[in-house]
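What follows is the residue order along each chain.
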Amino acid sequence: MTQTVQMPLWLFILIVLFAAVTALSHFLLPSVRWFFRRRLEKAVARLNTRLTRPIEPFKLARRHDMIQRLIYDPEVTREIVNYAREHDVPENVGFQKAREYAREIVPSFSAFAYFSFGIRVAKLLGNAVYRIKTADTNDATFAAIPKDATVVFIMNHRSNMDYVLVTYLAARSSALSYAVGEWARVWPLSRLIKSMGAYFIRRRSRGALYRKVLSRYVQLATAGGVTQAIYPEGGLSLNGRLQPPKMGLLAYVVEGFDPTAERDVVFVPVAINYDRVLEDRVLIAADARGDRRFGARISVVVGFILRKFWQRARGKDTRFGTAAVAFGAPLSLRDAGPDVQIEDLSAQLMKRIEAAMPVPAVPLVAHLLLQSEAVGKDALVAQSRALVAKLPADNIVPTLAELAEAVQEAAAGLAARGIIRETDVGWELVPEQRAVLQFYANSISHFSTLNAAAAKADAATAGS
């Protein structure tokens with residue numbers, strides 16, 4: 001027992017390192033984790049006093065615990081058995097597959113990352129790129145929703161900046177949980193997005209086991225009161241119009257709702273529109289090809305963001321006009337009744353998004369130039385004023401007092417991009433750029449006032 005044992009120095013160092021790691025994992029690290037978790041809980045408690053809708057315990061649960069809860073859910077367990085039978089594999093193989101899906105879906109929400117980093121970045125980036133306008137009724141609409149209800153924002157999808165805008169605008173109220181596609185599963189973006197509370201979904205997965213794991217996560221989060229944001233169109237609009245809704249996530253929410261439960265689910269339609277969609281030409285090209293291959297590189301996106309921050313820090317106005325966000329009339333799932341059909345519900349929500357759609361100056365100018373192709377500057381303002389006067393009074397549009405300046409600024413911006421050009425008479429569209437004007441005009445083409453104006457213009461052209 002007292003004999004001297006010789007060993008190489010590298011082996012001795014390795015043994016000491018293993019011993020140190022073991023000591024840390026058994027004695028020190030649990031205490032350190034407990035210390036920081038206690039500090040985090042106190043910080044979240046202080047934060048909740050400032051939020052209109054406090055962060056629910058479900059969202060703060062440890063990711064490991066949430067994964068375990070999900071894969072041992074009775075409905076998921078039954079689907080694991082079905083998976084094993086269908087694929088002729090042992091049930092533990094199906095169980096491992098469910099675990100993989102759960103690890104892929106379940107976020108690792110960090111209140112620090114969301115409120116200390118994410119919200120600040122969203123605010124800086126949003127204000128660096130746009131002049132953000134919100135409907136006067138937004139705050140009142142949100143405040144009228146019962147405090148114990150789960151809020152689900154149902155939004156149209158115009159640009160990837162949608163995430164930034166709604167995250168920023170909802171910052172005073174709660175922490176949003178987004179469903180994001182596979183485009184975001186790129187390191188380190190994926191880690192950041194998961195820490196912000198977002199969860200990944202496979203758009204093309206048709207496996208029953210995957211769908212069951214995803215649906216149960218959405219249903220548990222809804223029952224737990226987590227404020228969520230869903231894009232029913234399923235992806236960015238390629239032509240500027242609202243797209244027919246895909247009812248997957250919405251169906252999960254409805255199927256998991258218990259009308260007898262104390263917690264209601266309230267859908268809040270959110271309409272978003274822009275003077276300039278950053279990805280407009282990429283989306284138009286994809287629409288012309290008939291695919292959804294955008295080819296965007298993360299390095300290009302990061303470079304754009306850094307340039308905007310640098311220009312903003314130097315005092316330059318880097319904004320691309322207005323980005324407008326308006327809430328439509330909320331819809332209570334309990335009030336909709338137990339027999340509500342998902343097709344009818346989604347159609348109602350899309351109509352409420354249409355009704356609340358903002359009308360920025362660029363879509364307005366695009367609509368008018370598509371009718372006459374060339375118009376004088378004063379006539380463009382006069383025609384814009386006539387259309388705005390007929391639009392719903394509570395929509396976000398340039399006021400009559402600011403309309404002349406907004407229209408001239410919109411036309412100048414389109415001319416700077418080579419979409420229209422200035423002539424001795426006024427403005428005329430560049431024929432090769434008609435698709436771009438159509439993209440912006442489509443965002444407001446559902447308003448009957450604009451359709452009536454277009455029909456009148458077509459009739460006048462035919463008569464001449």
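Residues numbered from 1 in each chain as written. Predicted model: local features only at pLDDT ≥ 70, side-chain atom pairs only at ≥ 80, totals over all residues. Heavy atoms only, no water.

If you check an unreviewed UniProt entry, the protein chain appears there as Glycerol-3-phosphate acyltransferase from Sulfitobacter brevis. We quote the UniProt Catalytic activity (unreviewed entry) comment for the protein chain here in full: "sn-glycerol 3-phosphate + an acyl-CoA = a 1-acyl-sn-glycero-3-phosphate + CoA". Its UniProt record gives the protein chain the following Subcellular location (unreviewed entry) comment, quoted word for word: "Endomembrane system". (UniProt positions renumbered as here; feature names shortened; annotations may be inferred.)

(A) Structural view of the overall build of the protein chain. Across its full length, the protein chain carries 20 helices and 11 strands. Counting across all 464 residues of the protein chain, residues that qualify as buried make up 46%. Long-range pairs, those at least 24 residues apart, make up 76% of the contacts in the protein chain with a sequence separation of at least 6. Here the protein chain has roughly 24,400 Å² of accessible surface; of this, 57% comes from carbon and sulfur atoms. (Helix = DSSP H or I, 4+ residues; strand = E, 2+ residues; numbered from the N terminus. Buried < 20%, exposed > 50% of the residue type's maximum accessible area, 1.4 Å probe, protein only. Contact = heavy atoms within 4.5 Å. Areas by Shrake-Rupley, 256 points an atom, 1.4 Å probe, with all protein chains shown as cover.)

(B) Inspection of the sheet that holds strand β10 (residues 420-422) at higher detail. Reading across from one edge, β9-β11-β10 is the order of the three strands in this open sheet, with antiparallel pairing throughout. Edge strands, defined here as strands with exactly one partner in the open sheet, are β9 (374-376) and β10. On average, each strand axis in the sheet is inclined to that of its neighbour by 20 degrees, with strand direction left out of account. Most of the contacts of helix α18 (residues 403-416) go to strand β11 (residues 426-429), to which it runs at about 50 degrees, and overall it touches β10 and β11. (Pairing = 2+ DSSP bridges. Axes fitted to C-alpha atoms, helices over the stretch in contact; angles between N-to-C directions.)

(C) Quick peek at the side chain of Ser 346. Tracing the backbone through its elements, the reader meets Ser 346 in helix α15 (residues 342-356). Since its relative accessible area comes to 5%, Ser 346 is described here as buried. For Ser 346, the contacting residues outside a window of four places in its chain are Pro 245, Met 247 and Leu 250.

(D) Layout of the nonpolar core. Phe 153, Tyr 178 and Phe 267 are the most contacted members of the largest nonpolar core, which has 130 residues in total. Composition of this core by domain shows at least three residues from each of domain 1 (63-278 + 320-356) and domain 2 (361-462). If we skip the residues at most four places from it in the chain, Phe 267 touches Val 152, Ile 154, Leu 250, Val 253, Pro 330, Leu 331, Leu 333, Leu 345 and Leu 349. (Core = buried A, V, L, I, M, F, W, Y, C linked by side-chain atoms within 4.5 Å. Domains from an automatic or database assignment.)

(E) Looking closely at the pairing of strand β6 (residues 265-274). In terms of burial, β6 is largely enclosed, as 10 of its 10 residues are buried. Along β6, one buried face is formed by Val 265, Phe 267, Pro 269, Ala 271 and Asn 273 and the opposite face, lined by Val 266, Val 268, Val 270, Ile 272 and Tyr 274, is buried too. In this structure, strand β2 (residues 150-155) lies alongside β6, joined through six bridges in parallel fashion. Each bridged residue has a counterpart across the sheet, and for Phe 153 the counterpart in β6 is Val 268. Here β6 pairs with strand β8 (residues 331-332) via two bridges, running antiparallel. Directly across from Val 266, in β8, lies its bridge partner Ser 332. Examined bridge by bridge, β6 and strand β7 (residues 322-327) share five bridges and lie antiparallel to one another. Bridging across to β7, Val 270 finds its partner in Phe 327.

(F) Representation of the pairing of β11. Here β9 pairs with β11 via three bridges, running antiparallel. Each bridged residue has a counterpart across the sheet, and for Gly 376 the counterpart in β11 is Gly 426. The sheet contact formed by β10 and β11 spans three bridges and is antiparallel. The residue of β11 that forms the bridge with Glu 422 is Trp 427. Counting the residues that bridge the hairpin from β10 to β11 gives three residues.

(G) Quick peek at the pattern of salt bridges. If you walk through the whole model with that rule in mind, you get nine salt bridges. Salt-bridge contacts for Glu 75 lead to Lys 212; the nearest nitrogen and oxygen are separated by 3.2 Å. You can see Glu 75 sitting in helix α4 (residues 74-87) and its partner Lys 212 sitting in helix α10 (residues 208-223), a full 137 residues away along the chain. Taking the relative accessible area as the measure of exposure, Lys 212 reaches 22% and is therefore partly exposed. (Salt bridge = Lys/Arg side-chain N within 4 Å of Asp/Glu carboxyl O.)

(H) Spatial organisation of the packing of helix α11 (residues 248-255) against α15. The N-to-C vectors of α11 and α15 enclose an angle of 120 degrees; their axes lie 10 Å apart at closest approach. Both α11 and α15 take part in a crossing whose hand is right-handed. Each of Leu 250, Ala 251 and Val 254 in α11 lies in contact with α15, whose residues at this interface are Ile 342, Leu 345, Ser 346 and Leu 349. When the residues that make up the contact of α11 with α15 are grouped by side-chain class, the tally is six nonpolar, one polar and no charged. (Left-handed = near helix turned anticlockwise from the far one by under 90°. Nonpolar A, V, L, I, M, F, W, Y, C, P; charged D, E, K, R; others polar.)

(I) Here's a closer look at a nonpolar patch on the surface. A contiguous nonpolar surface patch, about 550 Å² in accessible area, is contributed by Leu 9, Trp 10, Ile 13, Leu 14 and Leu 17. A residue is classified by how much of its surface remains accessible, and Trp 10, at 58% relative accessible area, is exposed. (Patch = residues over 30% accessible without salt bridge, like charges linked within 9 Å, V, L, I, M, F, W, Y side chains within 5 Å.)

(J) Looking closely at unusual backbone geometry. Despite not being glycine, Asp 88 shows a phi value in the positive range, around 55 degrees. In this structure, Asp 88 sits in the loop between α4 and α5 (91-105). The exposed category is assigned to Asp 88, whose relative accessible area is 69%.

(K) Spotlight on α10. Spanning 16 residues, α10 covers 22 Å between terminal C-alpha atoms, matching the ideal 22 Å at 1.5 Å per step. Three or more residues of α10 are buried, namely Leu 209, Tyr 210, Val 213, Leu 214, Ser 215, Arg 216, Tyr 217, Val 218, Gln 219, Leu 220, Ala 221 and Thr 222. Once α10 ends, the next one or two residues include Gly 225, with phi positive near 85 degrees. (Expected span 1.5 Å × (residues − 1).)

(L) Fine view of the environment of Arg 131. Relative to the elements of secondary structure, Arg 131 occurs in strand β1 (residues 131-134). For Arg 131 and Ala 323, which are 192 residues apart along the polypeptide, the C-alpha to C-alpha distance reads 6.1 Å. The contacts of Arg 131, once residues within four sequence positions are left out, are Arg 319, Gly 321, Thr 322, Ala 323 and Glu 409. A distance of 2.7 Å separates the side chain of Arg 131 from the side chain of Glu 409, its partner in a polar contact. (Polar contact = N/O pair within 3.5 Å; in protein donor to acceptor, adjacent residues only side chain to side chain.)

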